[in-house]
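Close look at the chain arrangement
Residue-level listing of the chains:
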Amino acid sequence: METHNFSIEFYPPKTPEGADKLRIARGKLAALNPKYFSVTFGAGGSTQQGTLDTVLEIIGEGHAAAPHLSCVGGSREQIRAILGQFQSHGIRRLVALRGDLPSGYGGGSELRYASDLVEFIRAETGDWFHIEVAGYPEMHPQARSPQDDLQNFARKVRAGANAAITQYFYNADAYFQFIDQTRALGIDVPIVPGIMPITNYSQLMRFSDMCGAEIPRWIRLKLASFGDDSASIKAFGADVVTSLCERLLKGGAPGLHFYSMNQAAATSTVWQRLAG
Ligand code: FAD
């Protein structure tokens, strides 16, 4: 199994217990030898220190790590300071996002879209960072139309992104169509599919409602039918996600980015089945 673009995402733990659990999960996931781990960034800078601490801990353990950085709710000055901090620690890779502000948060954003952030990072730091941006095969929920969203995606790549990671999806055709359409626009950076392992029905439904990812009806009905039978949900989830990954890799996807939710088991199961 080629693992050239296999990455795993964490969120910064909020408590010392969460940090301990993440260390254990990370130890197991590191054995899969991903190219890098990435660590999310709370919009408005809410996890700024936690993101950096987690990234530095991973680097200290001898693995590559990329912080995410979102621009919503932040000023140019704040983002400049964060970029300087990343550079001073020798961090060379990041994931650049607009982010989503929690409702009721009134903070103004000097950089409005991810394309503005990418442009700013390039203007401030030149080629120092390898920049990943987000792509939406099933369209970003706030976009006016799929065509508009595609043009906006192209804009942020042209602003200087090296590669992209997609929102998760369970419909491989949406990814392949997205790839065809971006290639038709002359965008040729690697676009790595984001993979959300399935372990918990209600959590998956909640996240998918928020981010606009579609859960196909047959998957939804099957998961619902298992009720509280967590073992059946996980077994079915592993089958569905492994088949999806197989199809994506066979169809030319340049790698896989796993949303691990700070848990090792589901990502490890899928990866081992792909490798086996
Ligand atoms: P953008 O690319 O700016 O797009 C946002 C919306 O604006 C889209 O609808 C787009 O079509 C539209 N748009 C873009 N440019 C323009 C323009 N010039 N004019 C008009 N409309 C425009 N969130 C976090 O808070 N922290 C994280 O760490 C994080 N990590 C993520 C990692 C990945 C791989 C993915 C896929 C998402 C992540 N998110 C994270 C969620 C992300 O912040 C949200 O999906 C957010 O709503 C959009 O961010 P973006 O960078 O894609 O925004």
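Residues numbered from 1 in each chain as written. Predicted model: local features only at pLDDT ≥ 70, side-chain atom pairs only at ≥ 80, totals over all residues. Heavy atoms only, no water.

Notes on the packing of aromatic side chains
Where we set the bar: The criterion for an aromatic pair is that two Phe, Tyr or Trp rings (for Trp, the six-membered ring) have centres within 6.5 Å, with stacked assigned to planes under 30 degrees apart, edge-to-face to planes over 60 apart and tilted to the rest. Here a helix means four or more residues in a row that DSSP labels H or I, a strand means two or more in a row labelled E, and each is numbered from the N terminus. Accessible area is worked out with a 1.4 Å probe on protein chains only. A residue is then buried under 20% of its type maximum, exposed over 50%, and partly exposed in between. Working rule: Lys NZ or Arg CZ, within 6 Å of ring centre, within 35 degrees of ring normal, means a charge sits over the ring.
Scanning all chains against the criterion turns up eleven aromatic pairs. Their ring planes at 20° and their centres at 5.1 Å tell us that Phe10 and Phe37 sit as a pair that is stacked. Taken together, the positions of Phe10 in strand β1 (residues 6-10) and Phe37 in strand β2 (residues 36-39) put the pair 27 residues apart, joining distant regions of the chain. The class of Phe10 is buried, set by a relative accessible area of 1%. By the ring-pair criterion, three or more aromatic residues cluster together here, those being Phe6, Phe258 and Trp271. Lying over the aromatic face of Trp128, Arg92 brings its terminal NZ or CZ to 3.8 Å of the ring centre.

Some thoughts on unusual backbone geometry
One non-glycine residue, Asn33, lies in the positive phi region at around 60°. The backbone of Met261 sits at a positive phi, close to 55°, despite the residue not being glycine. As for its placement among the helices and strands, Met261 is situated in the loop between β8 (256-259) and α10 (265-275). Accessibility expressed as a relative area gives 23% for Met261, which makes it partly exposed.

Considering the environment of Gly212
To keep things clear, this is the line we draw: The contact criterion used throughout is that any non-hydrogen atoms of two residues lie within 4.5 Å.
Checked against the element boundaries, Gly212 lands in the loop between α7 (201-211) and α8 (217-225). Spatially, the C-alpha atom of Gly212 lies 28 Å from that of Arg273, the residues being 61 residues apart in sequence. With residues near it in sequence (within four places) discarded, Gly212 still touches Glu138 and Pro141.

Observations regarding the nonpolar core
This is how it is decided: Definition used in this section: a nonpolar core is a set of buried Ala, Val, Leu, Ile, Met, Phe, Trp, Tyr and Cys residues joined via side-chain atoms within 4.5 Å.
By size, the foremost hydrophobic cluster in this structure holds 79 residues, and its most contacted members are Tyr170, Ile198 and Leu248. It is helix α9 (residues 230-250) that provides the largest number of residues to this core, a total of seven residues. In this view, Tyr170 contacts Glu138, Met196, Pro197, Ile198, Leu204, Glu214, Ile215, Pro216, Ile219, Val241 and Leu244; residues no more than four positions away in its chain are not counted.

A closer look at helix α2 (residues 48-60)
Operational definition: To estimate how far a helix should reach, multiply one less than its number of residues by 1.5 Å. In this description, one arc is meant: the one made by directions from the helix axis to the C-beta atoms.
The end-to-end C-alpha distance of α2, which contains 13 residues, comes to 18 Å, matching closely the 18 Å that a straight helix rising 1.5 Å per residue would cover. When α2 is considered as a whole, its buried residues turn out to be Thr51, Leu52, Thr54, Val55 and Ile58. Taken around the axis of α2, the buried residues stretch over an arc of 165°, which confines them to a single face. Remark: Gly62 follows α2 within two positions and exhibits a positive phi of approximately 95°.

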